[in-house]
Amino acid sequence: MRTRALAALTFAAVLLGATPAQADVQWSARYGFGFGAGQWGDEGAQLGRTFLWENVLRVEALFGAPGDEHVRIGPALDLRTARFDTAEAAGGVSLLLPVFRGYPIVLTAAAGYAKRRDPMPDGPIFVGTFAWGYRSYDFHGAYGLGLQVFVTSRVALDDPARWEITAGIEIDLEAMIAIPG
């Protein structure tokens, strides 16, 4: 009985023209630079607050329904240096929330590892990023252009007393390199 009911539903869906849901991918890569403050120090020493600047490369591949008005989610990669004293890599997930057409909020949570110059210790990190700006959907290709402002927080997972918060701007790599070239 169940098999017949399932077959009838499938046949009805085919007759009515139902199609399976499709997840479309849009990826983006941006160079960012920003400024902020952090509480840094080496193990066993007094932690001190410090001014810092950062250079970051962020890449995401976001999946969801085509268009600017849909929530999208996907993997994210964050490569960064702070004051050229660190080399950091983190991977995680990004969530795009449409606020205004072409101007979504993007939330990213990632974990990774920071290699730091002595005397600061190396170690695992957690990265949380809030970004907002121009990020339209490209109906003609898989690459979506972006220009965003961001706020990022980082914390050392092995010593939560070491943290950073920075803010800055991200400029799309295609707009910086490919289009002018």
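Everything in this summary refers to the structure shown in the same document. Fair warning: this is a prediction, and the values are worked out from it, not measured in the lab.

Attention shifts here to the side chain of R80. Topologically, R80 is positioned in strand β3 (residues 72-82). Polar side-chain contacts of R80 include one of 2.6 Å to the side chain of E164.

This brings us to the pattern of salt bridges. A complete count under the given rule lists 17 salt bridges for this structure. The shortest N-O distance in the salt bridge between E54 and R80 comes to 2.6 Å. You can see E54 sitting in strand β2 (residues 48-64) and its partner R80 sitting in strand β3, a full 26 residues away along the chain. For E54, a relative accessible area of 1% puts it in the buried group. Here K115 ties to D122 by a salt bridge, and the two come within 2.9 Å at their closest N and O atoms. Given the relative accessible area of 49%, K115 is considered partly exposed. You can call D122 partly exposed: its relative accessible area is 25%. In this structure, a network of salt bridges that share partners links the residues R30, E54, R58, E60, D78, R80, E88, R135, R154, E164 and E170.

Now for empty space enclosed by the protein. Applying the stated criterion across every chain yields a total of four cavities of 30 Å³ or more. Here the largest cavity is characterised by a volume of approximately 130 Å³. What lines the largest cavity is a set of 16 residues, among which R72, L96, R135, S136 and Y137 lie closest to the centre. For the lining of the largest cavity, the secondary-structure elements that each account for two or more residues are β1 (24-40), β4 (86-100) and β5 (103-116). Tallying contributions element by element places β1 first for the lining of the largest cavity, with three residues. Classifying every residue of the lining of the largest cavity gives seven nonpolar, six polar and three charged. Taken as a whole, the second largest cavity spans an internal volume of roughly 110 Å³. Taken together, 13 residues make up the lining of the second largest cavity; nearest its centre are W40, R116, A156, R162 and E164. At the level of elements, β7 (147-156) and β8 (163-172) are the ones that each hand at least two residues to the lining of the second largest cavity.

Now for the environment of V127. Residue position: V127 is located in strand β6 (residues 123-134). A residue is classified by how much of its surface remains accessible, and V127, at 2% relative accessible area, is buried. Setting aside anything within four residues of it in sequence, one finds V127 in contact with D78, A90, T108, A109, A110, T152, S153 and R154.

Right, let's talk about the packing of aromatic side chains for a bit. Going through the model one piece at a time under the given rule, you end up with six aromatic pairs. Ring centres of Y103 and W132 lie 6.1 Å apart, and the angle between their planes is 35 degrees; this geometry places the pair in the tilted category. Of the two residues, Y103 sits in strand β5 while W132 sits in strand β6, which places them 29 residues apart along the sequence. Residue classification places W132 among the partly exposed positions, given a relative accessible area of 36%. Members of the aromatic cluster, connected to one another through ring pairs, are Y103, W132 and Y134.

What follows is about the sheet that holds β1. In spatial order, the strands read β1-β2-β3-β4-β5-β6-β7-β8; together these eight strands close into a barrel with antiparallel pairing. For this sheet, the mean inter-axis angle between neighbouring strands, taken without regard to orientation, is 25 degrees. Two elements, β4 and β5, share 13 bridges in a ladder whose sense is antiparallel. Residue pairing in the sheet places G92 in a bridge with A110 of β5.

Definitions and limits used
Residues numbered from 1 in each chain as written. Predicted model: local features only at pLDDT ≥ 70, side-chain atom pairs only at ≥ 80, totals over all residues. Heavy atoms only, no water. Helix = DSSP H or I, 4+ residues; strand = E, 2+ residues; numbered from the N terminus. Polar contact = N/O pair within 3.5 Å; in protein donor to acceptor, adjacent residues only side chain to side chain. Salt bridge = Lys/Arg side-chain N within 4 Å of Asp/Glu carboxyl O. Buried < 20%, exposed > 50% of the residue type's maximum accessible area, 1.4 Å probe, protein only. 1 Å grid on protein atoms, 1.4 Å probe; cavity = no way out; pocket = protein on both sides within 12 Å on 5 of 7 lines; lining within 4 Å. Points joined across faces, edges and corners; volume = space filled by probe spheres on them. Nonpolar A, V, L, I, M, F, W, Y, C, P; charged D, E, K, R; others polar. Contact = heavy atoms within 4.5 Å. Phe/Tyr/Trp six-rings, centres within 6.5 Å; stacked < 30°, edge-to-face > 60°. Pairing = 2+ DSSP bridges. Axes fitted to C-alpha atoms, helices over the stretch in contact; angles between N-to-C directions.

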